Amino acid sequence: MMSLSHPNCIRHSSLPISVALPKSKSELLTETDATILYFQETKERIKKMFDKSELSVSAYDTAWVAMVSSPNSRQAPCFPECVNWLLDNQLSDGSWGLPPHHPLLVKDALSSTLACLLALKRWRLGEQQMTKGLQFIESNFTSINDEELHTPIGFNIIFPGMIETAIDMNLNVPLRSEDINVMLHNRDLELRRNKLEGREAYLAYVSEGMGKLQDWEMVMKYQRKNGSLFNSPSTTAAAFSHLGNAGCFHYINSLVAKFGNAVPTVYPSDKYVLLCMIESLERLGIDRHFSKKIRDLLEESYRCWLLGDEEIFSDADTCAMAFRILRVHGYEVSSDPLTQYAEHHFSHSFGGHLKDFSTALELFKASQFVIFPEESGLEKQMSWTNQFLKQEFSNGTTCADRFSKYFSIEVHDTLKFPFHANVERLAHRRNIEHHHVDKTRIFKTSYCFSNISNADFLQLAVEDFNSCQSIHREELKHLERWVVESKLDRLKFARQKTAYCYFSAAGTSFSPELSDARISWAKNSVLTTVVDDFFDIGGSEEELANLVHLLEKWDANGSPHYCSEQVEIIFSALRSTICEIGDKTLAWQGRSVTRHVIEIWLDLLKSMLREAKWARNKVVPTFDEYMENGYVSMALGPIVLPAVYLIGPKISEEVVRSPEFHNLFKLMSICGRLINDTRTCKRESEAGKLNSVLLHMIHSGSGTTEEEAVEKIRGLIVDGRRELLRLVLQEKDSVVPRACKNLFWKMVQVLHLFYMDGDGFSSPDMMLNAVNDLLREPISL
């Protein structure tokens, strides 16, 4: 359900987080109780937003509807209530439009004001309002040539066209004739240029500014099933005034009946708004609080997708967003509708004509989910979006074209952190810090949705992030104590990266109830780092064999033989951690998984021992031999696989032993191994260690350069990553619960971040900043 908000589109109903409760309540509630109460109240307000979308009133479009004459008499308005709205809603400065005017939206105010003046002049009403409106136009007229101001869609055609109409109506426009002639001349040049370039759809969209110059029969090719032209009240009203088309009248009449005395600038837009709402909640990290509401919306969106709903498929932004969100949530949706937005088609749309960054950004996001083999052609067709955004962003044009700096930040973040490198909780923090509660948007006039740009979203997200972070800080302290108590800090050969290890856990499974999964993930991450260093540099041949033997024998309560203190420290920490995970998974799964966790660790140690023997004996394996062993020695198994048991769904032995589960693990680990190798190949080559890049060079012949080998490996990463994402998103015939599959993908996201600027362990600044953002610095807005 859609409703109009009037006169302001944003209702600041939320209170600051630090608001003081009335004395009568503050005496009864502790600070914690008050925070919980506020949290719940905010959630309830947001839940109500799912029931309807609120769109701002458009003075511009209401004016064009007000100009429609009655079928019974051309001397009377068909919609007098719209005329009365214009009389009652002039702003104090003489203009019409969204109050207050953004400083960069003067052209928008000029366009809306002139349209309202034409409507009042048409019906010979509002002499006083017309005088004030003309004064506003006169005092702000020089702004039409200011290129620093935002220019609404079609302004350079529509505004001169309305000036021409005003003169024909004997409206005393306070402008010099030479200024008017320049405007009209420039309008004619732009019309000719657009016609030569085949911008037919764009010219149809701005029809109200063309009058008798328009081919109105051509315009009607774009009429939709609901009777509208482009879901635009202004275009549709102008078309009806020229042609008397019954479908156009039905659309306008239904709009006025629905909204009363004023109309929005685009309708319908409910599906777009509600999809944006899901997107906003997910980007801010608070979607889990509204899972049922979101699930209901997704089901409805999927139903509409299957029915070929015009509201979804006739708009590039809505289509791209619906495709992406539905695919992310496991719905089977075809990518075929996106083919209409290949570069050639886009360049001939009004979005392409206007270099619409919003549409290009939505299409770029959608292109990251074109992942099936049969979609390879479309993937190439959509690659233009990446280059388009990079080129335009590097030119600095996004800030000028989109008056909000927040959009430029979103473009930057999306390009720097694509989906495969976007660690969830860090993304939430960036989005919270860059969230703007007044996301005014522009078509032919400015508009906004309170469901999308809402202060309650921001308040809840800040509270949620800081609350989770306080839990994470306590867990990190527990982990640091465990390292000392386990004597792992005494192993001088081992890297001490406890905070980094916990970061990867909190960055992927941040919800308070997932503490067991985080602790398991983090402890095993610490241990894999220690074991990796032990097999690389810290342990002798005897010690390595002793550690493997101890795990094979597995005496959880006995007094095993240790050949050194180092082995004793490592095995004792391993044994206690495995037993702890076994106890915790018993509560989550209702069965013991200790034996499986031992098996996971044993596989890792044996693979590391094999690599140690290769190095000691100077064995050069084939590329396939290296990868078959290397995906295990990447050491992701002990981190991810036990955590799968601790995130909620019950997962049987049959599922864990299934080909699907193994493929998820193998693809994740192969991606990790190859990412690691491309970033560390120089260092490892100097140290005499083998990796996939060096092996590719060796086995491909002497002519292969390191750069060529790295490029080849990167191609394998892309292929593996795409296949992994396909498995994660696939619902049909999948036996692994989605929550479990997500962990494999989230680890790949962590790895991409970790190796974004080299090796995260050897690039302390990058990782230190990430750790601080996630674990140590609360958000303060």
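Remember, predicted model here, so these are calculated numbers, not experimental data.

Some words on the overall build of the chain
Turning to step 1, where the next piece is worked out: Counting its regular elements, the chain contains 38 helices and four strands.
Turning to step 2, where the next piece is worked out: Dimensions of the chain along its principal axes, counting C-alpha atoms only, are 105 × 75 × 45 Å.
Turning to step 3, where the next piece is worked out: Counting all 781 residues of the chain, 57% fall into the buried class.
Turning to step 4, where the next piece is worked out: At a minimum sequence separation of 6, the contacts of the chain that also span at least 24 residues come to 73%.
Turning to step 5, where the next piece is worked out: Summed over all atoms, the accessible surface of the chain reaches about 33200 Å², with 51% contributed by carbon and sulfur.

Topic: the environment of Thr 508
Turning to step 1, where the next piece is worked out: Within the fold, Thr 508 resides in the loop between helix H26 (498–506) and helix H27 (515–538).
Turning to step 2, where the next piece is worked out: Put simply, Thr 508 and Val 328 are 180 residues apart on the chain and 16 Å apart in space, counted from C-alpha to C-alpha.
Turning to step 3, where the next piece is worked out: Beyond its immediate sequence surroundings of up to four residues, Thr 508 is in contact with Glu 424, Trp 521, Lys 746 and Val 750.
Turning to step 4, where the next piece is worked out: In this structure the side chain of Thr 508 is engaged in a polar contact, spanning 3.2 Å, whose partner is the backbone oxygen of Ala 505.

Looking at unusual backbone geometry
Backbone geometry follows two general trends: most residues other than glycine have a negative phi, and most peptide bonds adopt the trans configuration.
Turning to step 1, where the next piece is worked out: For the bond running from Tyr 267 to Pro 268, omega is 0 degrees, close enough to zero to count as cis.
Turning to step 2, where the next piece is worked out: Tracing the backbone through its elements, the reader meets Pro 268 in the loop between helix H12 (246–259) and helix H13 (270–283).
Turning to step 3, where the next piece is worked out: Phi at Asn 231 takes a positive value of approximately 55 degrees, unusual for a residue other than glycine.
Turning to step 4, where the next piece is worked out: With respect to the helices, strands and loops of the structure, Asn 231 is situated in the loop between helix H10 (216–219) and helix H11 (233–243).
Turning to step 5, where the next piece is worked out: On the accessibility criterion, Asn 231 (7% relative accessible area) is buried.

Topic: the nonpolar core
Turning to step 1, where the next piece is worked out: One finds Phe 159, Leu 338, Phe 535 and Phe 744 to be the most contacted residues of the largest nonpolar core, which totals 253 residues.
Turning to step 2, where the next piece is worked out: The biggest single contributor to this core is helix H30 (residues 594–616), with eleven residues.
Turning to step 3, where the next piece is worked out: Discounting chain neighbours no more than four positions away, the residues touching Phe 535 are Leu 544, Leu 547, Val 548, Leu 605, Met 608, Leu 609 and Ala 612.

Examining the layout of surface pockets
Turning to step 1, where the next piece is worked out: When its volume is computed, the second largest pocket comes out at roughly 1600 Å³.
Turning to step 2, where the next piece is worked out: Taken together, 48 residues make up the lining of the second largest pocket; nearest its centre are Glu 282, Asp 287, Val 328, His 329 and Glu 424.
Turning to step 3, where the next piece is worked out: Taken together, the elements giving at least two residues each to the lining of the second largest pocket come down to H13, helix H14 (291–306), helix H16 (316–328), helix H23 (405–416), helix H24 (424–434), helix H36 (706–729) and helix H37 (738–754).
Turning to step 4, where the next piece is worked out: The class makeup of the residues in the lining of the second largest pocket is 19 nonpolar, 13 polar and 16 charged.

Remarks on empty space enclosed by the protein
Over the atoms rolls a probe the size of a water molecule, and its path tells where empty space is left.
Turning to step 1, where the next piece is worked out: One pass over the full model with this rule turns up two cavities of 30 Å³ or more.
Turning to step 2, where the next piece is worked out: The volume enclosed by the largest cavity comes to roughly 60 Å³.
Turning to step 3, where the next piece is worked out: At three residues, the largest contribution of residues to the lining of the largest cavity is made by H27.
Turning to step 4, where the next piece is worked out: Considering only enclosed or pocket space, the second largest cavity measures out at about 40 Å³ in volume.
Turning to step 5, where the next piece is worked out: Looking at the second largest cavity, the residues that line it are Asp 516, Ile 519, Ser 520, Lys 523, Thr 577, Glu 580, Ile 581 and Lys 584.
Turning to step 6, where the next piece is worked out: Residues belonging to the lining of the second largest cavity are distributed by class as follows: two nonpolar, two polar and four charged.

Description of the packing of H27 against helix H29 (residues 565–589)
Turning to step 1, where the next piece is worked out: At a minimum axis separation of 11 Å, H27 and H29 run at an interaxial angle of 155 degrees. Taken as axis vectors, H27 and H29 run roughly antiparallel relative to one another. Judged by the sense of rotation from one axis to the other, the crossing of H27 with H29 is left-handed. Side by side, H27 and H29 meet where Asp 516, Ile 519, Ser 520, Lys 523, Asn 524, Leu 527, Val 530, Val 531, Phe 534 and Gly 538 of the first sit next to Gln 566, Val 567, Ile 570, Ala 573, Leu 574, Thr 577, Glu 580, Ile 581, Lys 584 and Trp 588 of the second.
Turning to step 2, where the next piece is worked out: Residues of the contact of H27 with H29, tallied by class, amount to eleven nonpolar, five polar and four charged.

Focus: the side chain of His 428
Turning to step 1, where the next piece is worked out: Topologically, His 428 is positioned in helix H24.
Turning to step 2, where the next piece is worked out: For His 428, a relative accessible area of 4% puts it in the buried group.
Turning to step 3, where the next piece is worked out: In this structure, His 428 is in contact with Glu 282, Arg 283, Leu 284, Gly 285 and Phe 510, ignoring residues within four places of it in sequence.

Let's talk about the domain arrangement of the chain
One widely used convention gives an interface's size as the accessible area the parts lose upon coming together.
Turning to step 1, where the next piece is worked out: Along its sequence, the chain is organised into domain 1 (57–259), domain 2 (270–453) and domain 3 (460–776).
Turning to step 2, where the next piece is worked out: The C-alpha-based centres of domain 2 and domain 3 are spaced at 33 Å.
Turning to step 3, where the next piece is worked out: Listed by partner, the interface residues are 30 residues for domain 2 and 33 residues for domain 3.
Turning to step 4, where the next piece is worked out: Carbon and sulfur atoms supply 67% of the area buried between domain 2 and domain 3, which totals about 2700 Å² over both sides.
Turning to step 5, where the next piece is worked out: Of all residues in domain 2, Ile 371, His 420 and Arg 425 give up the largest surface area on contact with domain 3, accounting jointly for 26% of the area buried on that side.
Turning to step 6, where the next piece is worked out: Where domain 2 touches domain 3, the interface holds four salt bridges.
Turning to step 7, where the next piece is worked out: Between Lys 746 and Glu 424 there is a salt bridge, and its shortest N-O distance comes to 3.2 Å.
Turning to step 8, where the next piece is worked out: In this structure, the connection of domain 2 to domain 3 is made through eleven residue pairs in polar contact (both at pLDDT 80 or more).
Turning to step 9, where the next piece is worked out: Broken down by secondary-structure element, the contributors of at least two residues to the side of domain 2 that touches domain 3 are H16 and H24.

Here's the deal with helix H34 (residues 659–686)
Turning to step 1, where the next piece is worked out: Its 28 residues place the ends of H34 38 Å apart at the C-alpha level, agreeing with the 40 Å of an ideal helix rising 1.5 Å per residue.
Turning to step 2, where the next piece is worked out: Just downstream of H34 lies Gly 688, where phi reads positive at about 80 degrees.

Description of the packing of aromatic side chains
Turning to step 1, where the next piece is worked out: Summed over the entire model, instances satisfying the criterion amount to 23 aromatic pairs.
Turning to step 2, where the next piece is worked out: Ring geometry for Phe 79 against Phe 249: centres 6.2 Å apart, planes inclined by 25 degrees, an arrangement best described as stacked. Of the two residues, Phe 79 is situated in the loop between helix H3 (59–66) and helix H4 (80–88) and Phe 249 in helix H12; the sequence distance between them amounts to 170 residues.
Turning to step 3, where the next piece is worked out: Judged by its relative accessible area of 2%, Phe 79 is buried.
Turning to step 4, where the next piece is worked out: Here the aromatic rings of Phe 419 and Trp 745 are separated by 5.6 Å at their centres, their planes lie at 25 degrees, and the arrangement is stacked. Taken as a pair, Phe 419 in the loop between H23 and H24 and Trp 745 in helix H37 lie far apart in primary sequence, 326 residues in all.

Calculation notes
- Residues numbered from 1 in each chain as written.
- Predicted model: local features only at pLDDT ≥ 70, side-chain atom pairs only at ≥ 80, totals over all residues.
- Heavy atoms only, no water.
- Helix = DSSP H or I, 4+ residues; strand = E, 2+ residues; numbered from the N terminus.
- Buried < 20%, exposed > 50% of the residue type's maximum accessible area, 1.4 Å probe, protein only.
- Contact = heavy atoms within 4.5 Å.
- Areas by Shrake-Rupley, 256 points an atom, 1.4 Å probe, with all protein chains shown as cover.
- Polar contact = N/O pair within 3.5 Å; in protein donor to acceptor, adjacent residues only side chain to side chain.
- Core = buried A, V, L, I, M, F, W, Y, C linked by side-chain atoms within 4.5 Å.
- 1 Å grid on protein atoms, 1.4 Å probe; cavity = no way out; pocket = protein on both sides within 12 Å on 5 of 7 lines; lining within 4 Å.
- Points joined across faces, edges and corners; volume = space filled by probe spheres on them.
- Nonpolar A, V, L, I, M, F, W, Y, C, P; charged D, E, K, R; others polar.
- Axes fitted to C-alpha atoms, helices over the stretch in contact; angles between N-to-C directions.
- Parallel < 35°, antiparallel > 145°, perpendicular 65-115°, else oblique.
- Left-handed = near helix turned anticlockwise from the far one by under 90°.
- Domains from an automatic or database assignment.
- Buried area = accessible area lost by both parts, 1.4 Å probe.
- Salt bridge = Lys/Arg side-chain N within 4 Å of Asp/Glu carboxyl O.
- Expected span 1.5 Å × (residues − 1).
- Phe/Tyr/Trp six-rings, centres within 6.5 Å; stacked < 30°, edge-to-face > 60°.

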